[in-house]
Structures are given as structure tokens and as C-alpha cells.
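Structural features, examined
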Amino acid sequence: MRVWSLKNLEDIRHEYIDFDGEWYQAFGRPEKSGCWIIYGKSGQGKSSFALQLARKLDEMGMRVLYLTLEMGGSTDFLESVRDVGMRSDINRIIFSDDTTFEDLDEYLGKQRSADVIIIDSVQYFTDQCGVKADEIISLRKKYPRKVFIFISHVDGKEVEGQAAYRVKRDSFKRIYVQGFKATFVGRCKGGPRGFFIIWAKGYQEYHLKNIEINGTEEEHQEAD
């Protein structure tokens, strides 16, 4: 068992992601470490948000690996990449559509490997790539200076599957996507506003329709 004094805690030096503008308003200055999870229903903007986040982190000088396990290099994925303004002559993000735990571990152990690993989706990563929740958590602990960002399907309003639920429990940064709005619902502090609009027109249309039907906007209640 490792024991810390208060002085030990005060002496820990953390690195932060210096978000600005809309990103800071939504998410503040999160640490450059640990697991994040992005979850919500299909067609609500999860993938677009993750790609916008990847582009932002890349433009801030962080090395980003995007595991497009579900969509691969399909035309639909390429169109999504273009829709968020990524360009090969500007952005340095790298992509892969296949991995194993051993492959990813070996890659992350190399010098100048990615600072941020975005995995779409956690269900595909565990079910199709054979990676267990325990292995995901072990990677997070083994590489404490890297950020692991998982995209998750949901069952109702909760992440789908036991492995995804365990990853969510391990994630201090939790972002719920609904109606093209990404809301910070993590256990730690987010930004002053606490949400990010993924697509303004889609957000307006979705929430106006929801108010017409229900009389109010539907809010997500976080369950641990």
C-alpha cells in the first residue's frame, strides 16, 4: 500500500490541457491523463464530437491516435473527417482500424507514441478485438501521461455492457451526448458552462422539437 502525506499530495506536479474558448467553457483545464468516456445514442453527434476533439488536441500540439474500429476507412468516415475540417496538409492525426491489446501496448511503449488515444467504440474494442476491461484499466495505469478517450453506445441512458460500465466507472471525465450537445457529467470539475455545442443547427432543431413535445428540455441524470 502506498501512503501519501499532505505534503506529498501538494508536491505532485500535474500537466493540464490548456483548452481555450468554447472548449474551456465546456471542459475547463483537464489533466493530461486518465480515461474519458463519450456516450449517447446513435445519430446524436458522438463521432462528430470525438473528431472535433481530436482535431482540437492535434492543433494544440498533442499527438493523437484515432482507432476507427467500427467504421474503418469507409467513405462515411472520410466524409465525417472532412465535415469537421480535418485536412492532411494541416492535421497530423493518425488512424487505425484494427488492434489487439498487445499491439496497442507495444505501440504506446515507443518514444513519441500518441499522447491521446481515441477508441471508437469501447464495445467493438472489447467484443471484436478481445480486450478486457481489466486490460483497459491496466493500460491507463501503465501510461499515466496519456489520455484514453472511449466512445460508447448506450442502452437507454446508460453505457451498453458490463465492460463499458467498468470503463465508465474508471473515467473521471464523462461526456454525455444528446441532440448535438456534449455535456460534462464527470466526477471532477468541468468548465464554467459545462457543455459544448457540436452542431448548432442540429442542436437548435433537436431541442426545439423536444420542447414542443415534452414542454421542456430533457436533461441527463448521471448514475455512477
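Reference entry: report on the structure contained in this document. Quick caveat, the model's predicted, so the values are computed rather than measured.

Turning our attention to the packing of aromatic side chains. Following the criterion strictly, the structure yields 14 aromatic pairs and no others. With a centroid separation of 5.9 Å and an interplanar angle of 55 degrees, the aromatic rings of F27 and F49 are classed as tilted. A residue pair is termed long-range when its members are at least 10 positions apart, and F27 in helix α2 (residues 21–27) and F49 in helix α3 (residues 46–59) qualify at 22 residues. In this structure, F27 and F49 share a single accessibility class: buried. With a centroid separation of 6.2 Å and 45 degrees between ring planes, the pair formed by F125 and F150 is classed as tilted. Separated by 25 residues along the polypeptide, F125 in helix α6 (residues 122–127) and F150 in strand β5 (residues 147–152) bring together distant segments of the chain. In this pair, the class of F125 matches that of F150, namely buried. A network of ring pairs unites the aromatic residues F19, W23, F27, F49, F184 and F196 as a single cluster. Across the ring face of F195, the terminal group of K181 is positioned such that the distance to the ring centre comes to 4.6 Å. Residue placement shows R193 over the ring face of F195; its charged tip is 4.7 Å from the ring centre.

Thresholds applied
- Residues numbered from 1 in each chain as written.
- Predicted model: local features only at pLDDT ≥ 70, side-chain atom pairs only at ≥ 80, totals over all residues.
- Heavy atoms only, no water.
- Phe/Tyr/Trp six-rings, centres within 6.5 Å; stacked < 30°, edge-to-face > 60°.
- Helix = DSSP H or I, 4+ residues; strand = E, 2+ residues; numbered from the N terminus.
- Buried < 20%, exposed > 50% of the residue type's maximum accessible area, 1.4 Å probe, protein only.
- Lys NZ or Arg CZ within 6 Å of the ring centre and 35° of its normal.

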